[in-house]
Amino acid sequence: MVLTYMEATSVLDRELKKGSAELLLLSLVEDRPRHGYELGKLIEQRSRGVVQFHVASLYPLLYRLERRGLIQGRWVERAGQRRRRFYRITPAGRKVLQAQRSGWREFVAAIDRVLGVRPA
Amino acid sequence: MPDWAQAVRERVAGLKLDPCREAEIVEELAQDLEQRYAEALARGATQAEAAVEALAELRDGPALAREIARAAAAPSLALSLVPGGEGRVNVFADSWQDLRYAARVLAKNRGFSAAALLSLALGIGANTTIFTVVKALFLSPLPVHDVGSLVSIFTTDERNKGQGNDLMPISRPNYQDLRDQTDVFSSVAGFTFTPLSITSGAGDPEEIQACVASGNYFEVLGVKAAYGRTFTPEEDGVPGAHQVVVISHGLWQNRFGGDRSLVGNTIRLNGLDFTVVGILPPRFRGVFTLFGTDVWVPQAMYQQVVSGFVRENWDDRRTLTFFSFARLAPGASVEQAKAALGAAGRQLAQAFPRDNDQRSFTALPLAEAALNPNRREAFVAAGAAMMGVVALVLLIACGNVANLLLARAAGRERELAVRVSLGASRYRLARQLLTESALLALLAGGLGLLFAHWSRKALWAVRPAFLEQAALDLSLDPGVLGFTLAISGLTGLGFGLLPALRASRPSLALALKERTSLRSDANRWFSLRNALVAGQVALSLVALVGAGLFLRSLHQALQIDPGFESRNLMLLSFNVAAQGMDAARGQEFYRQAVERVRELPMVRAASLASTPLMGGFLSRTVFPEGVDTSDRRGGRLTNLNQVDPGFFEASGIPVVRGRAFTEADREGGPMVAVVNQTMAQRVWPGTDAVGQRFRVFGESWIIEVVGIAGDAKYESLGEAPASHFYLPLRQHFSPGATLHVRTTSDPTAALGAVRRQVQTLAPGMPLVGVQTIGTLLDQVLWAPRMAATMLGIFGALALALAALGVHGVVSYSVAQRTQEVGIRMALGAKAADVLRLVMLQALAIVGSGALLGSLAAFVAARGLASLLLGISTADPLAFGGMVALLLLAAGFACYLPARRATSVDPLVALRYE
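Residues numbered from 1 in each chain as written. Chains lettered and ligands numbered in written order. Predicted model: local features only at pLDDT ≥ 70, side-chain atom pairs only at ≥ 80, totals over all residues.

Caption draft 1: Up close: the overall build of chain B. A tally of helices and strands in chain B yields 30 helices and 21 strands. Relative to all contacts within chain B whose residues are 6 or more apart in sequence, the contacts with residues 24 or more apart total 82%. (Helix = DSSP H or I, 4+ residues; strand = E, 2+ residues; numbered from the N terminus. Contact = placed C-beta atoms within 7 Å.)

Next comes the structure, spelled out in structure tokens:
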């Protein structure tokens, strides 16, 4: 099968986004459990609006991470509030996060070297 | 505001997700959308704008559905679950998962786990302890080669069939004839016992039991020495020529510190030097479980070591003082051996009609004969009773844990329901729950083993005197460990199965609904728990009634008049023959010993008897004057004791008519006797026994009755009155005698002084059985006291467990009915009414349990008839008292939660929902 240019860019874009999205989500639940809404908001805030996740893409991602055993969801009830689903990182998730982090750094450094941009 | 949940549901509806999973996804996404909507409103957007913005999040609907379908295929519920589906076959992985999950669950519920562990460990520990004893008594094979082809040979006598003494020892001449004349055995050995005093090695001179054995004794058994050798045939050849001895491992350790150079060296026994030729392996202490020996001497040495009655009758065919065992010839069976012995018996009865008339021989497997075969049934009954009691305790513990599990399962219902809805099969859930029970039971088994390790030592330390020589092996060997493992496993299944089956069938619809405080099926839980608690109450009542019966029996036993004065009396036994004294020197020693002891200031009276009080008896057949003494059937088997002047005064047995013995009743004088009241009435009914005369079978004596003594107990407190007569020790010498010393005050203070007085007369003489009559009576009462104590402990334990169970269900019920109680109180019910309501319901459970328990106890108690003294098995005091105790405890256990119900504030209760 041959991919058109457009299709190819779109696939690359999607894969890149998916790969980095996983990294983002894992690093955000590294310190403490968070619920889905909070995760979406945090990514938006910290990327200053550059990266945004819609509900339609955020939750499937979370479910996939959960299915792979990298995070674990848990309903938590607080007095006077509705229960919410909090996600925490699992030991397996920690390992993957560590690997992805260093992989990401290498990747960024490699791209920078190719593009001729000196690291700051 | 739009219905967010509906919006999400529409987009995932076609995915055919698990309903439960779908509900969660909808809930989670709807929350997110709602929050985004609220945020947009806060930023100043209109409601319509905010709704559009939020719904835009779901823009890529089909992609969302696709992604979710892929991502959410696997369950990821809030509860940490072990899902497992119908089709899974990886049993090992599943089991490991189950086990880890079970460990987590147990670790999480520490209180529950501790309570369950403790009650189970006590039950399992008690079972292991008793099993150790039972196994040592009945199941441990003797440490000999091929025990299955070894038999013990016994004499039978038509005249005393069915008197509890059917199997008797054998006489040495008969043993020799059987050995030489039967061909059903490949070899036959014989032996007898004798006490010896040992002065070598560490410690005081000591009296030990010796086995005087035929030269082939060890060869027939197939027992080899651990060090050195056993006897050679020559050593049993020329009488008195080989002063050799084989000793037990225990004696070697205790007295000689396990010094291997002892082999080939001499030790001093009865003042003679014997060369130790061998040391036996650790577990071997002879062929009788309850009577172990420490030294073995060849029978060719009998003149040097055996004394008194046994030596005098060494070659007498009538005197049954020998024991014999044999190895069956290859291919021969025990039945064939019995037949061959019967035939040999008939021949010997014809050849020696005067001695062997009506006597014959029989065989029993050596393993069975190792426990006194005449008493074997009583041992088995006692063993079965103890096993029964501890099994009861374990059952109660199981009931308790099952109850705890049920209570907890009710709390876990939602979890289980979720798992069922995720596709876990009922089998899988039940297995998970059973794994938890099994883990609990195994942990309890480990704890129980620890408990057994301590308690069997404690139990053995308080054994009675008659077990002093017992050679029981109470080690926690693989057999015991296997037993513990097995009962732990069964226990896990026992208390886990019912809750597991019950809980693995949760009512899905109900359980998955929003949490409610009122469970509509709560009553079903409650009724199963009710039944369990009623069962616990019933079982604990059985144990309690058992304890009550033995307590009453003990009380009755303490009321029994032993016929002698039991206060301020001490005993001390010695054997003059073991010092090499003949009858004349022995009599002189007796006279001096009594004289010296009487000089002590705290001694009021002192005298000698051949058999101590409560020490059993010798029996002879007596004939009133005028009856043909050649036919034993005309005589009566009667117990006798040889006593010195002053015995009746010292012992406190009253002489009710005639006179006691005096210094004049000595050798050469007219033969006299004092008989007890029972003998006087039975032998000379309606006439005055004093002045009557009688003969003893096999003797030329004609004895005149000079006095009548009161009846006493001679062996056990429960025995029926028996004929008994006393002969003067000075006319009928006995090489062993017991000093009876009556003191002015506490006899324990006089023990040391009395012992020193006797020891200055004969420094090397071992003094045995130095004790007060109180201690002796304590030992006589050992069995009932032990039974009462153990049943008491277990009964109390059972009561505590049952009370806990009652408390548990009533608390649960009260908690469930808080609202109902609130309504009743709001409608005017008083605290007393509420209290009555709860108490009545609880007491109905307890009452039905008590009724059931009484019936079960009534039936079970019948099995104890032979072990109870002076009361019926339906003793009303024991039953009534224990039922009252149970009701009291149960009532208290109900009262606490019932009172809590009365303090319910109607307002709070009604606001509950």
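Once the structure has been displayed, the description carries forward.
Caption draft 2: Structural view of the overall build of chain A. A tally of regular secondary structure across chain A gives 4 helices and 3 strands. Of the regular secondary structure in chain A, the N- to C-terminal order runs α-β-α-α-β-β-α. For chain A, the residues scored as buried account for 27% of the 120 residues in total. A separation of at least 24 residues holds for 43% of the contacts in chain A among residues at least 6 apart in sequence. (Buried ≥ 20, exposed ≤ 12 C-beta atoms within 10 Å, placed from the backbone.)

Caption draft 3: Focus on unusual backbone geometry. Residue and element names in this part refer to chain B. The backbone phi angle of Gln358 is positive, close to 65°, even though this residue is not glycine. With respect to the secondary-structure elements, Gln358 resides in the loop between α13 (353-356) and β10 (359-365). The class for Gln358 is partly exposed, based on 15 C-beta atoms found within 10 Å. Even without being a glycine, Asn568 presents a positive backbone phi close to 55°. Position of Asn568 among the secondary structure elements: in the loop between α20 (522-559) and β11 (569-575). For Asn568, a count of 19 C-beta atoms within 10 Å gives the class partly exposed.

Caption draft 4: Region of the structure containing the interface of chain A and chain B. With 17 residues of chain A in contact, the opposing surface of chain B contributes 19 residues. Listed by contribution, the elements that provide at least two residues to the side of chain A that touches chain B are α2 (36-46), α3 (55-67), β2 (71-76) and β3 (84-89) of chain A. Ranked by residues supplied to the side of chain A that touches chain B, first place goes to α3(A) with 8 residues. Here the residues of the side of chain A that touches chain B are counted per class, giving 7 nonpolar, 3 polar and 7 charged. (Nonpolar A, V, L, I, M, F, W, Y, C, P; charged D, E, K, R; others polar.)

Caption draft 5: Broad picture of the confidence of the model for chain A. Looking at chain A as a whole, its pLDDT mean stands at 79, while 80% of the residues score no less than 70. Here residues 1-6 of chain A scores under 50 on pLDDT; set against residues more than four positions off or in separate chains, the count is 2 contacts. (pLDDT = per-residue confidence, 0-100.)

Caption draft 6: Summary view of the pairing of strand β2 (residues 185-198) of chain B. All names here are of chain B. With respect to burial, β2 is a largely interior element, 12 of its 14 residues being buried. Sheet topology note: the β2/strand β9 (residues 323-328) ladder contains 6 bridges and is antiparallel. Bridge pairing links Ala189 to Phe325 in β9. (Pairing = 2+ DSSP bridges.)

Caption draft 7: Local environment of the nonpolar core. By size, the foremost hydrophobic cluster in this structure holds 225 residues, and its most contacted members are Val245(B), Val393(B), Ala543(B) and Val806(B). With 17 residues, α20(B) is the single largest residue contributor to this core. If sequence neighbours within four positions are ignored, Ala543(B) has contacts with Val389(B), Leu392(B), Val393(B), Leu791(B), Phe794(B), Gly795(B) and Ala798(B). Among the nonpolar cores identified, the runner-up in size contains 31 residues, and Leu25(A), Phe53(A), Ala56(A) and Leu29(B) belong to it. (Core = buried A, V, L, I, M, F, W, Y, C linked by C-beta atoms within 7 Å.)

Caption draft 8: The pairing of strand β12 (residues 603-609) of chain B, seen in detail. Residue and element names in this part refer to chain B. The element β12 is largely enclosed, with a buried count of 5 among its 7 residues. In this structure, β12 lies alongside strand β20 (residues 736-743), joined through 6 bridges in antiparallel fashion. Within β20, the position partnered with Ala606 by the bridge is Val741.

Caption draft 9: Summary view of helix α28 (residues 831-861) of chain B. An ideal rise of 1.5 Å per residue puts 45 Å on 31 residues; α28(B) measures up with 42 Å between its terminal C-alpha atoms. Buried within α28(B) are the following residues: Val834(B), Val838(B), Ala842(B), Ile845(B), Val846(B), Gly849(B), Ala850(B), Gly853(B), Ala857(B), Ala860(B) and Ala861(B). (Expected span 1.5 Å × (residues − 1).)

Caption draft 10: Focus on the environment of Ala452(B). All names here are of chain B. Within the secondary structure, Ala452 sits in helix α17 (residues 426-461). On a C-alpha basis, the gap between Ala452 and Ala126 in space is 6.6 Å, while along the polypeptide they are 326 residues apart. Each residue touching Ala452, except ones within four places of it in the same chain, is listed here: Gly125, Thr128, Thr129, Thr132 and Leu476.

Caption draft 11: The sheet that holds strand β1 (residues 34-35) of chain A, seen in detail. Residues and elements named next belong to chain A. Read from one edge to the other, the open sheet built from 3 strands follows the order β1-β3-β2, with strand pairing classed as antiparallel. Looking at strand neighbours, the two that pair on one side only are β1 and β2, the edges of this open sheet. Bridge count between β1 and β3: 2 bridges; the pairing is antiparallel. If you follow His35 over to β3, its bridge partner there is Phe86.

Caption draft 12: Seen up close, the packing of helix α26 (residues 782-816) of chain B against helix α29 (residues 876-902) of chain B. Residues and elements named next belong to chain B. Viewed as axis vectors pointing N to C, α26 and α29 meet at an angle of 25°, and their least axial separation amounts to 9 Å. Compared by their axis directions, α26 and α29 come out roughly parallel. Crossing of α26 against α29: the hand is right-handed. Contacts from Leu799, Ala803, Val806, His807, Val810, Ser811 and Val814 in α26 reach Leu886, Ala889, Ala890, Ala893, Cys894, Leu896, Pro897, Ala898, Arg900 and Ala901 in α29. A class-by-class count of the residues in the contact of α26 with α29 yields 14 nonpolar, 2 polar and 1 charged. (Axes fitted to C-alpha atoms, helices over the stretch in contact; angles between N-to-C directions. Parallel < 35°, antiparallel > 145°, perpendicular 65-115°, else oblique. Left-handed = near helix turned anticlockwise from the far one by under 90°.)

Caption draft 13: Fine view of helix α21 (residues 583-599) of chain B. All names here are of chain B. Taking 1.5 Å per residue as the helical rise, α21 with its 17 residues ought to reach 24 Å, and the 25 Å between its terminal C-alpha atoms agrees with that figure. Buried within α21 are the following residues: Gly586, Tyr590, Ala593, Val594 and Val597. Buried residues of α21, seen end-on, are gathered within an arc of 95° and therefore sit on one face of the element. Residues Ala584, Arg585, Glu595 and Glu599 are exposed on α21 and point more than 90 degrees away from its buried face. Of the surrounding secondary structure, the elements contacted by the buried residues of α21 are β12, β20 and α24 (751-761). (Arc of directions from axis to C-beta.)

Caption draft 14: Fine view of the environment of Val705(B). All names here are of chain B. Among the secondary structure elements, Val705 is positioned in strand β18 (residues 703-709). A residue is classified by how many C-beta atoms lie within 10 Å of it, and Val705, with 23 of them, is buried. It is 9.3 Å that separates the C-alpha atoms of Val705 and Phe725, two residues lying 20 residues apart in sequence. Residue contacts for Val705: discarding those within four places in its chain leaves Ala673, Val675, Ala689, Val690, Gly691 and Gln692.

Caption draft 15: Representation of the environment of Gln243(B) in the model. All names here are of chain B. Mapped onto the elements of the fold, Gln243 is located in the loop between β4 (227-228) and β5 (244-247). For the pair formed by Gln243 and Thr275, sequence separation is 32 residues and the distance between their alpha carbons is 6.2 Å. What Gln243 contacts, discounting residues up to four positions off in sequence, is Leu272, Asp273, Phe274, Thr275 and Met301.

Caption draft 16: How the structure looks around the confidence of the model for chain B. Residue and element names in this part refer to chain B. Here chain B shows a mean pLDDT of 82. Residues at 70 or above account for 91%. Predicted confidence for residues 74-89 stays below pLDDT 50, and this span has 30 contacts to residues more than four positions away or in other chains. A low-confidence stretch, residues 514-522 (pLDDT under 50), is modelled with 7 contacts involving residues beyond four sequence positions or located in other chains.

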